[in-house]
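Structural characterization, general
This is what each chain is made of:
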Amino acid sequence: MRALLLCATFIGILVSGCKNNDLTMATAANFAPFEYVNGGELQGIDIDIAKIIANELSKELSIQDMEFDSVVQAVASSNADIALSGLTVNETRKKVVNFSDTYFNASQMVIIKSNDKRFADLKTKEDVIKTINKIKNIKIGVQAGTTGEFYSKGDKDWGFDGFKNANIISFANGGMAITSLLNNQLDIIIIDEMPARVLVKANNGTSLIDIALTDEKYAIAVNKNNKELLNKINAILNKMQQDGRMQEIINKHYSR
Ligand code: ARG
C-alpha cells in the first residue's frame, strides 16, 4: 500500500522507478569483459551477474547505460536500484551508496607500446612507479572518473600519491586511450587489469606490464535506503560463489 502511495506521488517524475517489478541497474558499457555492447546487445560479467540477481528476485532487469562518472550518482539519487560497473569499493563512494560483498579482485595496470624500451625488466610495483616518475612530462591516459584517474592524479580519499610531473589525459573509454597511445599521443595507459588484458589482446603494438599497482575489490552498489535489497543480493552472490556460477560467468567472458 505504501509503495502504491509513493508511486502515485511521484508518478510522472519517476515513472520507471515505480515499475515495482523492475530491477534497474546503472552501468557504463565500455569496459569489457565486465560490460560492453556487442551487436547492439549488452554483454559481460556484470550483465550476467545482474541477470541472475533479477531472476532470483523475480524481477525484470532494466539496464541504463551511461557515462561511468554518473553510475554511482544514479544509485545515490535512486534513479537506479543497483550499479554493476566493475565498481571499486572506496570510502568516497561508500558515503553515498552501500556496497555488497566483493565479487572480484582487481588492480590497476600499465599498458605501453610494445616497442617502448623504457619499461623493460620491471619486477615490482616500486619499479613501475620509479620508472613513471623518471619520465619527464609523461603523458598518462586514464578512463574518466575511475580508479586509474585518481591513482594517476593523486587523491587523499583514495590514498593515492599520484605522479607529480605527469600529464594526465582522461578518456571516455579505454579504446579511445589505446588509439591515442598508438598515435604516440600518450606514453602509457593506467586502467583496470581485466579490461587492460582485453585491450592489449585486441590491439597489436600494445603490451601489458603484468604488475598490480593497486589492491581493489569490485562490488555492487545499492541505494543506502534499501538494506533489504542489499541483504538479498549478498545472499545471491554468496550462493553464486558456492555453486560455481560466478566462476562460470567469469570464464565465459574471459579466458587468458
Ligand atoms: N574499477 C574502476 C573504478 O571503479 C573502473 C571502473 C570502470 N567501469 C566502467 N564500466 N567503465 O573506478
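Notes on the structure follow. Just so you know, the residues in each chain are numbered from 1, in the order the chain's sequence is written. Owing to the predicted nature of the model, reporting of local features is limited to residues with pLDDT of at least 70; listing and counting of side-chain atom pairs is limited to 80 or more, with chain, interface and lining totals taken over all residues. Side-chain numbers here rest on the full set of heavy atoms in the structure, without hydrogens or water.

1. Some points on the overall build of the protein
Where helices and strands are cited, they refer to DSSP runs of H or I of at least four residues and of E of at least two residues respectively, numbered from the N terminus. When helices and strands are tallied, the protein shows eleven helices and 13 strands. Atoms counted for the radius of gyration: C-alpha only. Globule rule: 2.2 Å times residue count to the power 0.38. Taken over the C-alpha trace, the protein has a radius of gyration of 19 Å; the compact-globule value for 256 residues is 18 Å, and the two agree within 12%. Considering only C-alpha atoms, the protein reaches an extent of 65 × 35 × 30 Å along its principal axes. The classification of residues rests on relative accessible area computed with a 1.4 Å probe and restricted to protein chains. Under 20% of the type maximum is buried, over 50% is exposed, and intermediate values are partly exposed. When each of the 256 residues of the protein is scored for burial, the buried share is 48%. Here, two residues are considered to be in contact whenever any of their heavy atoms come within 4.5 Å of each other. Sequence-distant contacts, at least 24 apart, represent 73% of the contacts inside the protein between residues at least 6 apart.

2. Regarding the site of the ligand
Neighbouring the ligand are 15 residues, the closest being Ser 85, Gly 86, Thr 88, Arg 93 and Asp 192. Pairs of N or O atoms within 3.5 Å make up the polar contacts considered here, provided that, within protein, one atom can donate a hydrogen while the other can accept it, and that residues adjacent in sequence are counted only when both atoms are side-chain atoms. The separation between a nitrogen atom of the ligand and a polar side-chain atom of Gln 143 is 3.2 Å. In this structure, Thr 147 approaches the ligand through a main-chain N or O atom, which is 2.9 Å from an oxygen atom. Expressed as a share of its isolated accessible area of 350 Å², the protein-covered part of the ligand is 100%. Spatially, the ligand is embedded in the largest cavity. The residue inventory of the shell around the ligand, partitioned by class, reads five nonpolar, seven polar and three charged. We call a residue near a molecule or strand when any one of its heavy atoms sits within 4 Å of it. Where accessible areas are quoted, they stem from the Shrake-Rupley method and a 1.4 Å probe; at the residue level, only the protein chains shown are allowed to cover. Grid spacing is 1 Å over the protein atoms alone, the probe is 1.4 Å, and a cavity is where that probe fits but cannot get out, while a pocket is an open set with protein on both sides within 12 Å along at least five of seven lines and lining residues have an atom within 4 Å of a point. A cavity or pocket is said to hold a molecule if more than half of that molecule's atoms lie within 2 Å of its grid points. Gly is placed with the polar residues, together with every amino acid not listed as nonpolar (Ala, Val, Leu, Ile, Met, Phe, Trp, Tyr, Cys and Pro) or charged (Asp, Glu, Lys and Arg).

3. A closer look at empty space enclosed by the protein
Grid points are joined across faces, edges and corners, and a volume is the space filled by probe spheres set on the points. Evaluated as defined, the whole model comprises one cavity of 30 Å³ or more. In this model, the largest cavity occupies a volume close to 90 Å³. Together, 13 residues line the largest cavity, and Phe 31, Phe 68, Ser 85, Gly 86 and Thr 146 are the ones closest to its centre. Across the lining of the largest cavity, the residue classes tally to three nonpolar, seven polar and three charged.

4. Thoughts on the pairing of strand E3 (residues 35-38)
The pairing criterion for strands is at least two bridges between them, as found by DSSP. Examined bridge by bridge, strand E2 (residues 30-31) and E3 share two bridges and lie antiparallel to one another. Note that in E3 the partner of Asn 30 across the bridge is Tyr 36. If you look at the hairpin formed by E3 and strand E4 (residues 41-43), you'll find two residues sitting between the two strands, and Gly 39 has a positive phi there, around 55°.

5. Concerning the packing of helix H10 (residues 227-242) against helix H11 (residues 245-253)
For any two helices packed against each other, one specifies the crossing angle of their axes together with the interaxial distance. One way to put it is that H10 packs onto H11 with a least axis distance of 5 Å and a crossing angle of 75°. What the angle tells us is that H10 and H11 run roughly perpendicular. Facing H10, whose interface residues are Leu 237, Lys 239, Met 240 and Gln 241, H11 presents Arg 245, Met 246 and Ile 249. Taken together, the residues of the contact of H10 with H11 sort by class into four nonpolar, one polar and two charged. For helices, the fitted axis covers only the stretch in contact; all axes are lines through C-alpha atoms, and the angles between them, taken along N-to-C directions, range from 0 to 180 degrees. Every angle not falling under 35 degrees, over 145, or within 65 to 115 is termed oblique; those three ranges are roughly parallel, roughly antiparallel and roughly perpendicular.

6. A short note on the pattern of salt bridges
If the charged atoms of two oppositely charged side chains come close together, the side chains can form a pair. By salt bridge we mean one thing: a side-chain nitrogen of Lys or Arg within 4 Å of a carboxyl oxygen of Asp or Glu. All chains considered together, the criterion is met by 13 salt bridges. Here Glu 56 ties to Lys 239 by a salt bridge, and the two come within 2.9 Å at their closest N and O atoms. With Glu 56 in helix H3 (residues 45-56) and Lys 239 in helix H10, this residue pair connects regions lying 183 residues apart in the sequence. With a relative accessible area of 33%, Glu 56 lands in the partly exposed category. Overall, Lys 239 belongs to the partly exposed group, its relative accessible area being 42%. A salt bridge links Lys 94 to Glu 91, with the shortest nitrogen-to-oxygen separation between them at 3.4 Å.

7. Focus: helix H6 (residues 125-134)
Within the sequence span of H6, burial applies to Val 128, Thr 131 and Ile 132. Along the axis of H6, the buried positions cluster into a sector of 100°, meaning they face one direction only. Facing away from the buried side of H6 by more than 90 degrees, the exposed set consists of Lys 130 and Lys 134. As used here, the arc is the angular range of directions from the helix axis to the C-beta atoms.

8. A closer look at the nonpolar core
We define the nonpolar core as a collection of buried residues of types Ala, Val, Leu, Ile, Met, Phe, Trp, Tyr and Cys that are connected through side-chain atoms lying within 4.5 Å of one another. Core analysis: the largest hydrophobic core is formed by 31 residues, its most contacted members being Ile 49, Ile 82, Tyr 103 and Ile 220. Secondary-structure elements contributing two or more residues to this core are strand E1 (22-27), H3, strand E7 (97-106), strand E13 (216-223), H10 and H11. With seven residues, the single largest contributor to this core is H3. Excluding residues within four positions of it along the chain, Tyr 103 makes contact with Asp 46, Ile 49, Leu 84, Ser 85, Gly 86, Tyr 218, Ala 219, Ile 220, Leu 237, Gln 241 and Met 246. Leu 122, Val 142, Ile 168 and Ile 190 belong to the second largest nonpolar core, which has 21 residues in total.

Geometry only, nothing functional implied.
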